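Architecture and fold: a report
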Number of protein chains: 2
Amino acid sequence: MTGTSPLPSTRPAPTARPAAERLMDAAFELFDERGYEQTTVEEIAERAQVSRTTFFRHYRSKEEVIFPRHEVLLESIRQRLATSTERTALIAVSDAVRLVLLSYLEEGDRARNRYALTSRVGALRDREIASGARYQRLFREFISSWVGPASLTALQAELMAAAVVAAHNHVLRRWLRGESDDPVTEVDDALADVVRLFTAPEERVGEPGQGTTVVVLQSDRPLDEVLPALRRAVAGE
Amino acid sequence: MTGTSPLPSTRPAPTARPAAERLMDAAFELFDERGYEQTTVEEIAERAQVSRTTFFRHYRSKEEVIFPRHEVLLESIRQRLATSTERTALIAVSDAVRLVLLSYLEEGDRARNRYALTSRVGALRDREIASGARYQRLFREFISSWVGPASLTALQAELMAAAVVAAHNHVLRRWLRGESDDPVTEVDDALADVVRLFTAPEERVGEPGQGTTVVVLQSDRPLDEVLPALRRAVAGE
DNA sequence: CACCAGGTGGTACCGAGTACCGTCCATCCG
DNA sequence: CGGATGGACGGTACTCGGTACCACCTGGTG
């Protein structure tokens, strides 16, 4: 229509780097330089040497360009849960949530840059939170549908899912803030805490520990009557 | 400039109902009739007999028009926590979260209409979730800063806040779906469960039961060293 | 060569949200 | 009584995210 002669030089140099990656890099750069709201999609596309149209071909929205692909991660977690052979629903979910942490760890500095952004920009923080809620929902549904020896109430499932996600978030944020050098060990410990929290004390007898024995004494009878058994239990038998 | 003669009949009839309420009603009606995305702010303003400008004077965004005033509720909860005289941080927070539930209950059908909307529209659901996260954050900070006999780790604070919010959400959603006739009692029970969950069994001695006393003995130390405390516990003191 | 398919650029359009200005009206005050 | 003041409102113009659609160019295939 306009008759402008199409310049072949407009085409980006054969960078080999796909447009999607160039766009993500440009977005992180610009958000960092000028802030999120102050950066337009037009500017991101310009720096990546593509058109605005192409931006929206690769990312559905301006926010999406900086977030990880939660969809695929969510799906892989769903798979992991479906094929899980753990003994309890809670342990299976605790096992699965590690995948989320590892996914962030693999991103390295990119995840930390994103955290810096989401901390400052309300809209981005809300989106991050909403993503976390989807994992929690998946976990809750999994726990609810779990068929095991002990049946769980809907409330218990809700609490367990929330606890697992909270433990994960706690460790993740520590690492994102640079407060943790070994997030993998930390998340293991935190999840062990969660499992212990939901494990009835009666089931803990003989729990392996550093010379610690936990004993449950249910006593209708005088204490002295059960003392021998108690001593045996504490002794480690 | 345009010279259009200003018609006094343009002015809305002296409805006495404030514009903000008319706008909210109109929004709920239209969202219900045509759906959220299919409704424009222009149409909402039109039905409320005000201009589009006035809409944005009362509500910062199209989403905000259907949501409760979380800001003021959040503030009143902050006050409640600041003046709380409960024995533990967890109980104080459990007490405070009831305010949130009551706030929804007072709305009645309006809250249920909102739930129907947020269930269908992704953007609204995300916003609702983000609001809940703010309560959780407030609770977490409160628990973390709590000074009491037993000091809590950051992880424990995170887990407690998550559990309280999860318990609240569980009961709230049941009520919103019409599955609960007595949400107040339910939330009391659910929060009692949460408190029990985080109460170390050692502290549960004397908990009311059918003539049964349950004692958990966690022993790094020789049994005889803790026997006195044990005798006292079984005795019921 | 013709044909097809995917990646791209360009344009037009919609709607949310912002900035600013002028007007109307109630109230208060001299 | 009349003028000043401030708050609520309507109107216009603008930015920008997001969508729809079309035209093009390229590389592979029969």
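As the structure is a computational prediction, the values presented were derived from the model and not from experiment.

Here we take up the overall build of chain A. If you tally the helices and strands in chain A, you get 10 helices and 1 strand. Traced from its N-terminal end to its C-terminal end, chain A shows the element sequence α-α-α-α-α-α-α-α-α-β-α. By the burial criterion, 41% of the 237 residues in chain A qualify as buried. Within chain A, contacts between residues at least 6 apart in sequence are counted, and of these 61% link residues at least 24 apart. In the structure as shown, chain A presents an accessible area of about 13300 Å², 50% of it carried by carbon and sulfur atoms.

Before going further, it helps to examine the nonpolar core. Membership of the largest hydrophobic core comes to 81 residues, with the highest contact counts inside it found for Ile77, Leu81 and Phe139 of chain A together with Ile77, Leu81 and Phe139 of chain B. Excluding anything up to four places from it in sequence, Ile77 of chain A contacts Ala96, Leu99, Val100, Tyr135, Leu138 and Phe139 of chain A.

Before going further, it helps to spend a moment on the environment of Arg140 of chain A. If you trace the backbone, Arg140 of chain A turns up in helix H7 (residues 122-144). Distance from Arg140 of chain A to Leu159 of chain A, taken between C-alpha atoms, is 8.3 Å for residues 19 residues apart in sequence. Those residues in contact with Arg140 of chain A that sit more than four places away from it in its chain are Ala157, Glu158 and Ala161 of chain A together with Arg173 of chain B.

Moving on to the protein's contact with DNA strand D. Near DNA strand D you find 16 residues, and of these Arg52 and Lys62 of chain A together with Ser51, Thr54 and Arg57 of chain B are the closest. Sugar plus phosphate, as a fraction of atoms of DNA strand D within 4 Å of the protein: 47%. At 3.1 Å from a phosphate oxygen of DNA strand D is found a side-chain nitrogen or oxygen belonging to His58 of chain B. Take the surface near DNA strand D: its biggest share by element is 4 residues, from helix H3 (residues 52-58) of chain B. For the surface near DNA strand D, a count of residues per class yields 4 nonpolar, 8 polar and 4 charged.

The next subject is the side chain of Ser103 of chain A. Assignment of secondary structure puts Ser103 of chain A in helix H5 (residues 89-107). Ignoring sequence-local partners within four residues, the contact set of Ser103 of chain A consists of Arg69 and Leu73 of chain A.

Once that is clear, we can look at the UniProt feature "DNA-binding region" (unreviewed entry) in chain A. Sequence positions flagged by UniProt for "DNA-binding region" (unreviewed entry) are, in local numbering, residues 40-59 of chain A. Helix and strand shares over residues 40-59 of chain A are 70% and 0% respectively, and the end C-alpha atoms of the span are 14 Å apart.

Another point: helix H9 (residues 183-198) of chain A. Counted at 1.5 Å a residue, the expected span for H9 of chain A with its 16 residues is 22 Å, and the 23 Å between its end C-alpha atoms agrees. All of the buried residues along H9 of chain A are Pro183, Val187, Ala190, Leu191, Val194 and Phe198 of chain A. One side of H9 of chain A carries all its buried residues, which in axial view fall inside an arc of 95°. Check the buried side of H9 of chain A and you find it contacts H5 and helix H8 (154-176) of chain A together with helix H8 (154-176) and helix H9 (183-198) of chain B.

With that settled, the discussion passes to the protein's contact with DNA strand C. Contacts to DNA strand C come from 18 residues, most closely from Ser51, Thr54 and Arg57 of chain A together with Arg52 and Lys62 of chain B. When atoms of DNA strand C within 4 Å of the protein are sorted by moiety, sugar and phosphate together comprise 47%. A distance of 2.5 Å is found between a phosphate oxygen of DNA strand C and a side-chain nitrogen or oxygen belonging to Thr54 of chain A. Here a phosphate oxygen of DNA strand C sits 3.1 Å away from a polar atom, N or O, in the side chain of His58 of chain A. Contributing elements (two or more residues each) for the surface near DNA strand C: helix H3 (52-58) of chain A together with H3 of chain B.

Here the focus is the environment of Arg140 of chain B. For Arg140 of chain B, a relative accessible area of 22% translates into the label partly exposed. Separated by 17 residues in sequence, Arg140 of chain B and Ala157 of chain B place their C-alpha atoms 5.5 Å apart.

Interpretation of the predicted coordinates at a detailed level should be avoided for regions scoring low in pLDDT. Residues and elements named next belong to chain A. With 78% of its residues at a pLDDT of 70 or more, chain A has an overall mean of 85. Within chain A, no element has a lower average pLDDT than strand S1 (residues 213-219), which sits at 49, and none a higher one than H8, at 98. In this model, residues 1-14 is a region of pLDDT below 50 whose contacts with residues beyond four sequence positions or in other chains number 2 contacts. In this model, residues 207-216 is a region of pLDDT below 50 whose contacts with residues beyond four sequence positions or in other chains number 29 contacts.

Contact pair H7 of chain A / helix H7 (residues 122-144) of chain B: the axes reach a minimum separation of 9 Å and the direction vectors enclose 95°. Judged by the angle between their axes, H7 of chain A and H7 of chain B are roughly perpendicular. Across the interface between the two elements, Asp126, Ile129, Ala130, Ala133 and Arg134 of chain A from H7 of chain A touch Asp126, Ile129, Ala130, Ala133 and Arg134 of chain B from H7 of chain B. Of the residues assigned to the contact of H7 of chain A with H7 of chain B, the class counts are 6 nonpolar, no polar and 4 charged.

Taking 1.5 Å of rise per residue, 23 residues should cover 33 Å, and H7 of chain B covers 33 Å from first to last C-alpha, within 8% of that figure. Among all positions of H7 of chain B, only Leu124, Asp126, Ala130, Ser131, Tyr135, Leu138, Phe139, Phe142 and Ile143 of chain B are buried.

Any pair of aromatic rings gets described here by the distance separating the centres and the angle formed by the planes. Taken as a whole, this structure holds 8 aromatic pairs over all chains when the rule is applied. Taken together, the ring pairs connect Phe55, Phe56 and Tyr59 of chain A into an aromatic cluster. Positioned above the aromatic ring of Tyr36 of chain B, the side-chain terminus of Lys62 of chain B is 4.4 Å from the ring centre. Its end group placed over the ring of Trp175 of chain B, Arg112 of chain B keeps NZ or CZ at 4.4 Å from the ring centre.

What counts and how
- Residues numbered from 1 in each chain as written.
- Chains lettered and ligands numbered in written order.
- Predicted model: local features only at pLDDT ≥ 70, side-chain atom pairs only at ≥ 80, totals over all residues.
- Heavy atoms only, no water.
- Helix = DSSP H or I, 4+ residues; strand = E, 2+ residues; numbered from the N terminus.
- Buried < 20%, exposed > 50% of the residue type's maximum accessible area, 1.4 Å probe, protein only.
- Contact = heavy atoms within 4.5 Å.
- Areas by Shrake-Rupley, 256 points an atom, 1.4 Å probe, with all protein chains shown as cover.
- Core = buried A, V, L, I, M, F, W, Y, C linked by side-chain atoms within 4.5 Å.
- Near = heavy atom within 4 Å.
- Polar contact = N/O pair within 3.5 Å; in protein donor to acceptor, adjacent residues only side chain to side chain.
- Nonpolar A, V, L, I, M, F, W, Y, C, P; charged D, E, K, R; others polar.
- UniProt positions renumbered as here; feature names shortened; annotations may be inferred.
- Expected span 1.5 Å × (residues − 1).
- Arc of directions from axis to C-beta.
- pLDDT = per-residue confidence, 0-100.
- Axes fitted to C-alpha atoms, helices over the stretch in contact; angles between N-to-C directions.
- Parallel < 35°, antiparallel > 145°, perpendicular 65-115°, else oblique.
- Phe/Tyr/Trp six-rings, centres within 6.5 Å; stacked < 30°, edge-to-face > 60°.
- Lys NZ or Arg CZ within 6 Å of the ring centre and 35° of its normal.

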